[in-house]
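Breakdown of the fold
The primary structure of each chain is shown beneath.
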Amino acid sequence: MDTIETIHHRRSIRNFKPDEVESGLITQVLEAGRLAPSSTNTQPWKFVVVRSADAREALCEAAYGQKMIRQAPVVVVALGDRKRFRKWLRRSKELVDIGAVSDDVVNKVREVYKDRAKMSGEDPDRKITANCMIAIDHMTLAATSLGLGTCWVMLMKVDEVARLLRLPDSVYPVALMPMGYAIDHPSPRPRYPLDEVAFDEDLEHGWGREE
Ligand SMILES: Cc1cc2nc3c(=O)[nH]c(=O)nc-3n(C[C@H](O)[C@H](O)[C@H](O)COP(=O)(O)O)c2cc1C
């Protein structure tokens, strides 16, 4: 399946067969997460692979009983890593060293980050979460192309999941991703048509128009 086909084929899967998923496939999915882009290449994520029935049951409870978490043979828990995110300067220097970005860009980033840090309401967790979500989406697409189904799950008691996995304060749960073989392939879910989401530039009139 090429990338465009994979994007069209992916669905949120909420009914899984009990069949185990081969370790090699799980590794390929995790690799897709690892290779995701991130701001200043901070890669502020960790992925925990949960397979035991007991742990899945506990995660299911923590996710308000969403049954696909109990049913899927594998649940990947995506974690945001605050310590990794704090290493953005080191990561940006690395990018300069390999010639991916220029020194000027790093200096600009440093200036902007400093300014933003001074502003109230700046929350690094928001950025960490945004980066993790990109990695999770990479994994959902990789899983699809390998014939596996997944579902994003963010409706969960975060503190409960953190407690179950005995997480230190420096990492926190972003999402659960149950993964396995789908019982069926659901029809596409509704989407706005392209002409309601994508527009040619209109610098004259701007964005004042109503829905
Ligand atoms: C950030 C995010 C959080 C989501 N959380 C949940 C969830 O907790 N439970 C669930 O059943 N689906 C969840 N979903 C799946 C959405 O309901 C689903 O993507 C949407 O209905 C479109 O369906 P599709 O993924 O099959 O195209 C989530 C999706 C995203 C992107």
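Not measured: the values here are computed from a predicted model.

A look at the nonpolar core
Judged by nonpolar contacts, the single largest core of 22 residues is most densely connected at Val29, Ile136, Leu148, Met177 and Met179. Of all elements in the fold, only α2 (23-34), β2 (74-81), α8 (124-145) and β4 (171-180) reach the threshold of two or more residues within this core. Of the residues forming this core, the biggest block, six residues, is contributed by α8. Every residue in contact with leucine 148, bar those within four places of it in the chain, is listed here: Val21, Leu25, Val29, Ala143, Met179, Gly180 and Tyr181. Core analysis: the next-biggest nonpolar cluster, separate from the first, contains 21 residues, Ala63, Ile69, Ala72 and Val75 among them.

Re the site of the ligand
Lining the immediate environment of the ligand, one finds 14 residues, of which Ser12, Arg14, Gln66, Arg189 and Arg191 sit closest. With respect to the ligand, the backbone of tryptophan 152 contributes an N or O atom lying 3.3 Å from a nitrogen atom. Between the ligand and arginine 191 there is a distance of 2.8 Å, counted from an oxygen atom to a side-chain nitrogen or oxygen. For the ligand, the accessible surface in isolation is 620 Å², of which the surrounding protein chains cover 69%.

As for the sheet that holds β4
Across the sheet, four strands lie side by side as β1-β2-β4-β3; this open sheet has antiparallel pairing. The open sheet terminates on both sides in strands that have one partner only, identified here as β1 (45-50) and β3 (149-150). Across the sheet, helix α3 (residues 53-62) is in contact with β1, β2 and β4; its angle to β2 comes to roughly 60 degrees.

Remarks on the packing of α2 against α8
Direction vectors running N to C along α2 and α8 enclose 145 degrees, while the axes themselves pass 7 Å from each other. Here the hand of the crossing between α2 and α8 comes out right-handed. On α8, the residues that touch Val29, Leu30, Ala32 and Gly33 of α2 are Ala135, His138, Met139, Ala142 and Ala143. Class assignment of the residues belonging to the contact of α2 with α8 gives a composition of seven nonpolar, two polar and no charged.

A closer look at the pattern of salt bridges
Counted according to the given criterion, the structure contains seven salt bridges. In this structure, the salt-bridge partner of lysine 46 is aspartate 81, at a minimum N-O distance of 2.6 Å. With lysine 46 in strand β1 and aspartate 81 in strand β2, this pair connects stretches of sequence that are 35 residues apart. A relative accessible area of 34% means that lysine 46 is categorised as partly exposed. Note that lysine 108 and glutamate 111 form a salt bridge whose closest N and O atoms lie 3.1 Å from each other. Linking lysine 108 with glutamate 111, this pair stays in helix α7 (residues 103-118), spanning three residues, or about one helical turn.

Here is what the cut-offs are and how they apply
Residues numbered from 1 in each chain as written. Predicted model: local features only at pLDDT ≥ 70, side-chain atom pairs only at ≥ 80, totals over all residues. Heavy atoms only, no water. Core = buried A, V, L, I, M, F, W, Y, C linked by side-chain atoms within 4.5 Å. Buried < 20%, exposed > 50% of the residue type's maximum accessible area, 1.4 Å probe, protein only. Helix = DSSP H or I, 4+ residues; strand = E, 2+ residues; numbered from the N terminus. Contact = heavy atoms within 4.5 Å. Near = heavy atom within 4 Å. Polar contact = N/O pair within 3.5 Å; in protein donor to acceptor, adjacent residues only side chain to side chain. Areas by Shrake-Rupley, 256 points an atom, 1.4 Å probe, with all protein chains shown as cover. Pairing = 2+ DSSP bridges. Axes fitted to C-alpha atoms, helices over the stretch in contact; angles between N-to-C directions. Left-handed = near helix turned anticlockwise from the far one by under 90°. Nonpolar A, V, L, I, M, F, W, Y, C, P; charged D, E, K, R; others polar. Salt bridge = Lys/Arg side-chain N within 4 Å of Asp/Glu carboxyl O.

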